[in-house]
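Residue-level listing of the chains:
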There are 2 protein chains.
Amino acid sequence: MADLTLEDIAKQAGVSRSTVSRVVNNHPNVRGKVRQRVLQVIEDTGFHPNAAARTLASQRSWTIGLLLPHSVSFFFTDPYYPHLTKGIAQACNQYNYTLALFLVGTKEDEEKIFPRVSRKGLLDGVIVQAGHHGDQEIIGHLVDAAMPLVVAGRPFRSDNVSYVDIDNVNAAASAVSHLVRLGYQRIGTITGPANSTVGLDRKEGYVKTLKERGRSVDDSLIAEGDFTEAGGYYAMQKLLPARPDAVFAASDIMAIGAMRAAREAGLNIPDDVAFVGFDDLPIATLSNIQLTTIRQPVIQFGVKAVELLIDQIETGNTTPRRVILDTELVIRESCGASRRK
Amino acid sequence: MADLTLEDIAKQAGVSRSTVSRVVNNHPNVRGKVRQRVLQVIEDTGFHPNAAARTLASQRSWTIGLLLPHSVSFFFTDPYYPHLTKGIAQACNQYNYTLALFLVGTKEDEEKIFPRVSRKGLLDGVIVQAGHHGDQEIIGHLVDAAMPLVVAGRPFRSDNVSYVDIDNVNAAASAVSHLVRLGYQRIGTITGPANSTVGLDRKEGYVKTLKERGRSVDDSLIAEGDFTEAGGYYAMQKLLPARPDAVFAASDIMAIGAMRAAREAGLNIPDDVAFVGFDDLPIATLSNIQLTTIRQPVIQFGVKAVELLIDQIETGNTTPRRVILDTELVIRESCGASRRK
DNA sequence: TCGTAGATTGGGAGCGCTCCCAGTATTAAT
DNA sequence: ATTAATACTGGGAGCGCTCCCAATCTACGA
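Residues take numbers from 1 onward in each chain, read along the sequence in its written order. A letter from A marks each chain and a number from 1 marks each ligand, given out in the order of writing. Only residues with pLDDT of at least 70 are given local features in this predicted model, and only at 80 or more are side-chain atom pairs given and counted; all residues enter the totals for whole chains, interfaces and linings. Excluding hydrogens and water, the side-chain values take into account all heavy atoms of the structure.

Student: Looking at this structure, how should I read the overall build of chain A?
Tutor: Counting from the N terminus, the helices are the DSSP runs of H or I reaching at least four residues and the strands are the DSSP runs of E reaching at least two. In terms of helices and strands, chain A carries 13 helices and 12 strands. The C-alpha extent of chain A, read off along each of the three principal axes, is 80 × 40 × 35 Å. Here chain A, with 341 residues, has 57% of them falling under the buried criterion. Any two residues having at least one pair of non-hydrogen atoms within 4.5 Å are treated as being in contact. A fraction of 71% describes how many contacts in chain A between residues 6 or more apart in sequence connect residues 24 or more apart. A 1.4 Å probe and the Shrake-Rupley method give the accessible areas. Residues count as covered only by the protein chains that appear here. For chain A, the accessible surface area stands at approximately 14,100 Å², while carbon and sulfur atoms represent 48% of it. Summary of the burial criterion: residues with accessible area below 20% of their type's maximum are buried, those above 50% are exposed, and those between are partly exposed, where the area comes from a 1.4 Å probe applied to protein chains only.

As structure tokens, then:
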């Protein structure tokens, strides 16, 4: 199982390098008999074309990068990202692409990773998880390098890039509407960071809904979180004095933190305070009180991003496209729906 | 910012391709002045050598693969793996390697991924997360292909491969000893799968400790889980009839499931049943009762794996090596230590 | 049977880099 | 100033593949 080359296979099959290349790449114009013979030799020898040589000659690496900027350094504290990664990996397998993962941990990493991501001969395209102000730089970088690019999440400047997202405003609105419908009077919210589009959009959905329902928007019922459990916990503590009877948290993990704070304050869920989260990741059903939440199709999200990217790579069409996926309100216990109707 | 080549830079700097190559690769034997000049041109033009060409010529890709076999399909249900991935990614950044992620979801994926992982010109080496019976095949594959390899976790047949692990037997023993020390009489355990080395080893630590302390080992106090929250939940339900007063769960996530089951059964934690988990991931402190657990250095684990691998790649020394990292018992509330002493 | 369009096939010319070797410049010692 | 080391530098020969084009076959109709 030494290092075989096309030429070796060609010799063994009694054909030329070119013919072997054709059968490997499934080109037409190879006689059936010849194709069989070559295929046989390839199978017998366990030959696989050298990836680097192929990339150099064809200018296609068949690998895409997934870039997780510094802004998602709480990356592995919110299970959302691993799930997204899984969806992307899955799609890569399906389309026979290799996935390169770039996790930006520190500022120094950033400098090392920037050039590597845009370097020729490594990646055919990249998916970047974005939506924070800080992400604009890397996006600009990639656009300048004419690297096929799809953004996961809506970036702040979205005019010239393709992205996949959900309708965060309306999804949040449906969560808050649900709470209004259940008769809660003092509905609070724990938002995502104000320097992120997700954070802003979900908050907008909250504000919009209250206004539409003729409610006033009370700042003491709004606290900013950072998509961590601890962030949710502290935000809830800030909300507590305002005595909310329901809280919409912009992520499940923050909802869990918030519920912890509520319980510690001696409050009963959902009787004293109801909660609705966002994401519907497995953790939503993991706590002793099942979380009502907005389900977003995370895996689909990843798959779509890959599909958009591959289309861009293979057709060369870089017209910005956007895909907005549907969400769904999943009613469980934490909103108190069962006992209120 | 078109596609520049060494030759282009050479021309602009008035030197030869070879000289540019030398400065790019930091070789000695380039006059200081010349080096400066070339560096300047490189900076001005934003040149980065083509990765594929470099790989083809040098037979080194500077990328390593992380392979997560099918056996870890609950991959993103146990936060352990994302953390491991993070450690690995971090080390890759540090050593200037690119990380390729291979997530085996389905059996079909496996067939697509096998050749890709061992194909020449793509990876310099691979880290495979292993420890299940099913993982032997891919390991054999990789060994046959003479691919530098490090296993994360102890594989079943560990004689001819390098791996990183913790001392699961003793770590588990220290958890159980702690429970014994606190005076619990009916200590149960929720093990990992019996077809995994981790599952087996941690159970062995449990059994060993009880025997050393002159306790009998009661099968009705042992239930097998699968490292998921649901698995822990069901395992606990099986344990309940045996009336354990303490339970050692082989992972935090299973401990959380188990505690949910206990609470549903009306039991108080830790007064009626105490719990010790394993991992000390962020979730350990996320529930309303803080989990006593065994801390394992997950990030370190990833870093070590990368270091072993890179050493193997760069020195060519494939003598199997093993690194066993230390663990630590972290005492919090769930074991009831505070109220029992 | 012959000619020809169309199907196959082979080989050359790179892709952009590294590595080796031979040549040239530089330095230090005489 | 001369010579022998020593320090640099340039260019050729690939790495293993794809792609193009020219050459060879094949099959079919006249």
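That was the structure; now back to the text.
Student: Could you clarify how one ought to interpret the relation of the copies chain A and chain B in this entry?
Tutor: Between the two copies of this chain, the relationship is a rotation about some axis together with a displacement along it. The fit set for superposing copies consists of C-alpha atoms from residues with pLDDT of at least 70 in both; the fit itself is least squares. Superposing chain A onto chain B requires a rotation of 180 degrees together with a translation of 0.0 Å along the rotation axis, leaving an RMSD of 0.1 Å. The two molecules are tied by a two-fold rotation axis, judged by turn and shift. Across chain A, the rotation axis passes nearest the C-alpha of Ala100 of chain A, at a separation of 2.1 Å.

Student: So what exactly am I meant to see when it comes to the state of the cysteines here?
Tutor: Two cysteines joined by a covalent bond between their sulfur atoms form a disulfide. A pair of cysteine sulfur atoms is labelled a disulfide when the two atoms are within 2.5 Å. Tallied over the entire structure, the rule returns 0 disulfides over all chains. Distance from the sulfur of Cys92 of chain B, which forms no disulfide, to the nearest cysteine sulfur (Cys92 of chain A) is 17 Å. Among the residues examined, Cys92 of chain B registers a relative accessible area of 1% and is labelled buried.

Student: Hey, could you run me through the environment of Met259 of chain A in this one?
Tutor: Mapped onto the elements of the fold, Met259 of chain A is located in helix α11 (residues 252-264). When residues no more than four places from it in sequence are discounted, the contact partners of Met259 of chain A are Ile269, Phe275, Ser287, Ile289, Leu291 and Ser334 of chain A.

Student: Just checking my understanding: could you explain the protein's contact with DNA strand C for this structure?
Tutor: Ser18 and Arg22 of chain A together with Leu6, Arg17 and Ser21 of chain B are the nearest of the 27 residues found near DNA strand C. A single heavy atom is enough: if one lies within 4 Å of a molecule or strand, its residue is considered near that molecule or strand. Taken together, the sugar and phosphate atoms account for 53% of what DNA strand C places within 4 Å of the protein. Here a polar contact is taken to be a pair of N or O atoms separated by no more than 3.5 Å, where protein atoms must pair a possible hydrogen donor with a possible acceptor and residues adjacent in sequence count only if both atoms sit in side chains. Residue Arg31 of chain A places a side-chain N or O atom 3.0 Å away from a phosphate oxygen belonging to DNA strand C. Contributions of two or more residues to the surface near DNA strand C are made by α2 (17-24) and α4 (51-58) of chain A together with α2 (17-24) and α4 (51-58) of chain B. In the scheme used here, Gly and all other residues not listed as nonpolar or charged are polar, with Ala, Val, Leu, Ile, Met, Phe, Trp, Tyr, Cys and Pro taken as nonpolar and Asp, Glu, Lys and Arg as charged. When grouped by side-chain class, the residues that make up the surface near DNA strand C number 10 nonpolar, 11 polar and 6 charged.

Student: Before we go on, may I ask you to explain the protein's contact with DNA strand D in this structure?
Tutor: Taken together, the neighbourhood of DNA strand D is formed by 27 residues, with Leu6, Arg17 and Ser21 of chain A together with Ser18 and Arg22 of chain B sitting nearest. When atoms of DNA strand D within 4 Å of the protein are sorted by moiety, sugar and phosphate together comprise 56%. Within the side chain of Arg22 of chain B, an N or O atom sits 2.6 Å from a base oxygen of DNA strand D. The backbone of Arg31 of chain B places a nitrogen or oxygen atom 3.1 Å from a phosphate oxygen of DNA strand D.

Student: Just to check I follow, could you spell out unusual backbone geometry for this structure?
Tutor: Of all residues except glycine, most have a negative phi; of all peptide bonds, most are trans. In this model, Ile269 of chain A is joined to Pro270 of chain A through a cis peptide bond whose omega is 5 degrees. Looking at where Pro270 of chain A falls in the secondary structure, it is placed in the loop between α11 and β9 (274-279). At Asn96 of chain B, a position not held by glycine, the phi torsion is positive, near 60 degrees. One non-glycine residue, Phe227 of chain B, adopts positive backbone phi at about 65 degrees. The topology assignment puts Phe227 of chain B in the loop between β7 (222-224) and α10 (229-239). Judged by relative accessible area, Phe227 of chain B falls into the buried class, the value being 6%.

Student: Looking at this model, I keep getting lost on the packing of α2 of chain B against helix α3 (residues 32-45) of chain B. Mind explaining?
Tutor: Between two packed helices, what matters for the description is the angle formed by their axes and the separation of those axes. Residues and elements named next belong to chain B. The N-to-C vectors of α2 and α3 enclose an angle of 85 degrees; their axes lie 10 Å apart at closest approach. Viewed along their axes, α2 and α3 adopt a mutual orientation that is roughly perpendicular. Between α2, through Thr19, Val20, Val23 and Val24, and α3, the contact on the second element is made entirely by Val34, Arg35, Val38, Leu39 and Ile42. Of the residues in the contact of α2 with α3, the class split is 7 nonpolar, 1 polar and 1 charged. Only the contacting stretch of a helix is used when fitting its axis, a line to C-alpha atoms as for every element, and angles between N-to-C directions run 0 to 180 degrees. Angle categories are assigned with fixed cut-offs, so that under 35 degrees is roughly parallel, over 145 is roughly antiparallel, 65 to 115 is roughly perpendicular, and the rest are oblique.

Student: Would you explain the sheet that holds strand β9 (residues 274-276) of chain B in this entry?
Tutor: Across a sheet, paired strands are connected by hydrogen bonds in the backbone, their directions being either parallel or antiparallel. Residues and elements named next belong to chain B. Taken together, 4 strands build an open sheet; the order of strands is β7-β6-β8-β9 and the sheet is parallel. The open sheet has two edge strands, β7 and β9, and neither has a second partner. Averaged over all adjacent pairs, the angle separating strand axes in this sheet is 20 degrees, with direction ignored. Only when DSSP finds a minimum of two bridges between them are two strands counted as paired. Sheet topology places strand β6 (residues 187-191) next to strand β8 (residues 246-249); 4 bridges connect them, and they run parallel. Looking at β8, one finds that Ile190 is bridged to Ala249.

Student: I would appreciate a short explanation of the nonpolar core in the present structure.
Tutor: Across soluble globular proteins, nonpolar side chains have a tendency to be buried as a group. Definition of nonpolar core: a set of buried residues of the types Ala, Val, Leu, Ile, Met, Phe, Trp, Tyr and Cys, connected through side-chain atoms within 4.5 Å. Grouped together as the largest cluster of nonpolar side chains are 161 residues, with contacts concentrated most on Met236 and Phe275 of chain A together with Met236 and Phe275 of chain B. Setting aside chain neighbours within four positions, we find Met236 of chain B in contact with Ile190, Pro244, Val247, Ala258, Ala261, Ala262, Val273 and Phe275 of chain B.

Student: Is there a simple way to think about the domain arrangement of chain A in this case?
Tutor: Residues and elements named next belong to chain A. These domain boundaries are the output of an automatic or database domain assignment. Assigned domains within chain A: domain 1 (6-58), domain 2 (63-166 + 298-325) and domain 3 (168-296 + 329-339). Here domain 2 and domain 3 have C-alpha centroids that lie 29 Å from each other. Taken together, the contacts link 15 residues of domain 2 with 19 residues of domain 3. Here's the idea: put two parts together, see how much 1.4 Å probe accessible area each one loses, and the total over both is what we call buried area. Taking both sides of the interface into account, the surface hidden between domain 2 and domain 3 amounts to around 1,400 Å²; carbon and sulfur atoms contribute 58%. Counting the surface domain 2 buries against domain 3, the share from its top three residues, Asp78, Arg154 and Ile166, is 33%. We count a salt bridge whenever a side-chain nitrogen from Lys or Arg sits within 4 Å of a carboxyl oxygen from Asp or Glu. The interface formed by domain 2 and domain 3 includes 1 salt bridge.

Student: Teacher, can you tell me more about the pattern of salt bridges here?
Tutor: What the rule picks out here adds up to 30 salt bridges over all chains. As a salt-bridge pair, Asp3 of chain A and Lys120 of chain B come within 3.9 Å of each other at their nearest N and O atoms. You can see Asp3 of chain A sitting in the segment before α1 (6-13) and its partner Lys120 of chain B sitting in the loop between α6 (107-118) and β3 (125-129), one on each of two chains. The class for Lys120 of chain B is partly exposed, based on a relative accessible area of 32%. A salt bridge links Glu264 of chain A to Arg260 of chain A; the nearest nitrogen and oxygen atoms lie 3.9 Å apart. Taken together, the residues span about one helical turn, with Glu264 of chain A and Arg260 of chain A both in helix α11 at a distance of 4 residues.

Student: Whenever I open this one, the interface of chain A and chain B confuses me. Can you help?
Tutor: The extent of an interface is frequently quoted as the accessible surface area lost upon association of the parts. In this complex, chain A contributes 47 residues to the contact, which on the side of chain B involves 46 residues. Both sides of the chain A and chain B interface together cover about 4,200 Å² of buried area, and 60% of this is carbon and sulfur. At the surface where chain A touches chain B, the tally comes to 2 salt bridges. Seen at the junction of chain A and chain B, the total is 19 residue pairs in polar contact (both at pLDDT 80 or more). Taken together, the elements giving at least two residues each to the side of chain A that touches chain B come down to α4, α5 (80-94), β2 (98-103), α6 (107-118) and α11 of chain A. Here the element with the most residues in the side of chain A that touches chain B is α5 of chain A; it accounts for 7 residues. Partitioning the side of chain A that touches chain B into residue classes produces 20 nonpolar, 16 polar and 11 charged. Relative to strand β2 (residues 98-103) of chain B, β2 of chain A runs antiparallel, the two sharing 3 bridges. Bridge pairing in β2 of chain B places Leu99 of chain A opposite Leu101 of chain B.

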